[in-house]
Amino acid sequence: MAPKVMIVEDEEPLTLLLRYNLEAEGYAVESVGRGDEAEIRLRENVPDLLLLDWMLPGLSGIELCRRLRSRAETRSLPILILTARGEETERIRGLATGADDYVVKPFSVPELMARVRAILRRSRPEIVASLLRAGDMELDRESHRVRRGGRELHLGPTEFRLLEFLMQSPGRVFSREQMLDGVWGRDIYVDERTVDVHVGRLRKAINRGTRQDPIRTVRGVGYAFDEQFGT
Ligand code: CA
């Protein structure tokens, strides 16, 4: 699943530049031009990383950062502050408010990308690793290969994304609705029963010749990739 990055920035050319480069590296990007609007969006949907401009209309980056840190849902959300040169003392205040890092404008894009990767590697190692492993299973996001006990498994594209989605957060129980959002995307209308159909196909493909099923059905809720699997 692509790591989600939200850009909060009121300079449109900069937003476009960031979006272009982040998307090229495989991130899912959402952008907002106002601080107050960002606060509302972040209540509905928490990304994996926030790129936050300092000076914003509506609500300043620093105030937004402070408010995000005071809410449980966004307390540990990785935040990278974008600041203009000459805001030296404010930068220090920014870090004190709980930002994870900052870059000074104008910045080099490759440097910013490196910072983004570094923060995500610390906060969500599972979403930047190309290889996901659990028990005797291995999923390679780059080559799109799945192996179990060294044997290569052939999965359809939806089953692959489904397995990737579950293996990314072992032990976490997902509702069918969350799985639809994460695997099929919000814009496509798919019935919740579709999830069961594809989980069935995925199980068939990965459990051939073994009795150990890594996918756990949670009655009345949904599914999880078993945390204890292979241990
Ligand atoms: Ca600005």
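Please refer to the structure placed before this passage.
Residues numbered from 1 in each chain as written. Predicted model: local features only at pLDDT ≥ 70, side-chain atom pairs only at ≥ 80, totals over all residues. Heavy atoms only, no water.

(A) Structural view of the overall build of the protein chain. Per the secondary structure count, the protein chain includes nine helices and 12 strands. Judged by the C-alpha coordinates and their principal axes, the protein chain covers about 65 × 35 × 30 Å. Taken over 231 residues, the protein chain has a buried fraction of 44%. Here the analysis covers contacts within the protein chain between residues at least 6 apart in sequence; of these, 55% occur between residues at least 24 apart. Carbon and sulfur atoms make up 48% of the accessible area of the protein chain, which amounts to about 12300 Å² in all. If you average the places of the 37 positive and of the 38 negative side-chain charges in the protein chain, the two averages end up 6 Å apart. (Helix = DSSP H or I, 4+ residues; strand = E, 2+ residues; numbered from the N terminus. Buried < 20%, exposed > 50% of the residue type's maximum accessible area, 1.4 Å probe, protein only. Contact = heavy atoms within 4.5 Å. Areas by Shrake-Rupley, 256 points an atom, 1.4 Å probe, with all protein chains shown as cover. Lys, Arg positive; Asp, Glu negative; His and termini not counted. Charge placed at Lys NZ, Arg CZ, Asp CG, Glu CD.)

(B) Fine view of the sheet that holds strand β9 (residues 151–153). With antiparallel pairing, four strands are arranged side by side in an open sheet as β6-β7-β8-β9. Both outer strands of the open sheet, β6 (131–134) and β9, are each paired with one neighbouring strand and no more. Direction aside, the axes of adjacent strands within the sheet are offset by 25° on average. By the bridge criterion, four bridges tie β6 to strand β7 (residues 137–140) in an arrangement that is antiparallel. What sits directly across from Ala 134, in β7, is Met 137. (Pairing = 2+ DSSP bridges. Axes fitted to C-alpha atoms, helices over the stretch in contact; angles between N-to-C directions.)

(C) Structural detail: the coordination of the calcium ion. Those donors, Asp 10 (OD), Asp 53 (OD) and Met 55 (O), are the protein atoms that reach the calcium ion, and they lie 2.1 to 2.4 Å from it. The sequence pattern describing where the donors of the calcium ion fall on their chain is D-x42-D-x1-M. Of the two residues, Asp 10 is situated in the loop between β1 (4–8) and α1 (12–24) and Asp 53 in strand β3 (residues 49–53); the sequence distance between them amounts to 43 residues. For Asp 53, a relative accessible area of 3% translates into the label buried. (Donors = N, O, S within 2.8 Å, 3.2 Å for Na, K, Ca; no water.)

(D) Structural detail: the sheet that holds strand β10 (residues 174–175). The sheet built from three strands is open, its strands ordered β10-β12-β11 with antiparallel pairing. A single partner strand is all that each edge strand has here, and the edge strands are β10 and β11 (215–218). Where β11 lies against strand β12 (residues 222–225), four bridges are found, and the strand directions are antiparallel. Paired with Val 218 across the strands is Gly 222, a residue of β12. Docked against the sheet, helix α7 (residues 157–168) engages β10, β11 and β12, running at close to 70° with respect to β12.

(E) Broad picture of the packing of α1 against helix α5 (residues 109–123). Two elements in contact, α1 and α5, have axes separated by 11 Å at closest approach and are oriented at 60°. In terms of their interaxial angle, α1 and α5 are classed as oblique. The two elements α1 and α5 meet at a crossing, and its hand is right-handed. Here α1 contributes Leu 17, Leu 18, Asn 21 and Leu 22 to the contact with α5, which in turn contributes Val 109, Leu 112, Met 113 and Val 116. (Parallel < 35°, antiparallel > 145°, perpendicular 65-115°, else oblique. Left-handed = near helix turned anticlockwise from the far one by under 90°.)

(F) Molecular detail of α5. The end-to-end C-alpha distance of α5, which contains 15 residues, comes to 21 Å, matching closely the 21 Å that a straight helix rising 1.5 Å per residue would cover. Within α5, burial applies to Val 109, Leu 112, Met 113, Val 116, Ile 119 and Leu 120. One side of α5 carries all its buried residues, which in axial view fall inside an arc of 125°. For α5, the exposed residues set more than 90 degrees away from the buried face come down to Pro 110 and Arg 122. Buried residues along α5 sit in contact with α1, β3, β4 (79–84), β5 (101–105) and α6 (125–128). N-cap assignment for α5: the residue whose side-chain oxygen lies 3.1 Å from the backbone N of Glu 111 is Ser 108. (Expected span 1.5 Å × (residues − 1). Arc of directions from axis to C-beta. Polar contact = N/O pair within 3.5 Å; in protein donor to acceptor, adjacent residues only side chain to side chain.)

(G) Just the nonpolar core, in detail. One finds Met 137, Val 146, Leu 163, Met 167, Met 179, Ile 206 and Phe 225 to be the most contacted residues of the largest nonpolar core, which totals 28 residues. Broken down by secondary-structure element, the contributors of at least two residues to this core are β6, β7, α7, α8 (176–184), α9 (192–206) and β12. With six residues, the single largest contributor to this core is α7. Those residues in contact with Met 167 that sit more than four places away from it in its chain are Leu 132, Arg 133, Ala 134, Met 137, Leu 139 and Phe 225. In this structure, Tyr 27, Leu 51, Val 103 and Leu 112 belong to the second largest nonpolar core, which totals 20 residues. (Core = buried A, V, L, I, M, F, W, Y, C linked by side-chain atoms within 4.5 Å.)

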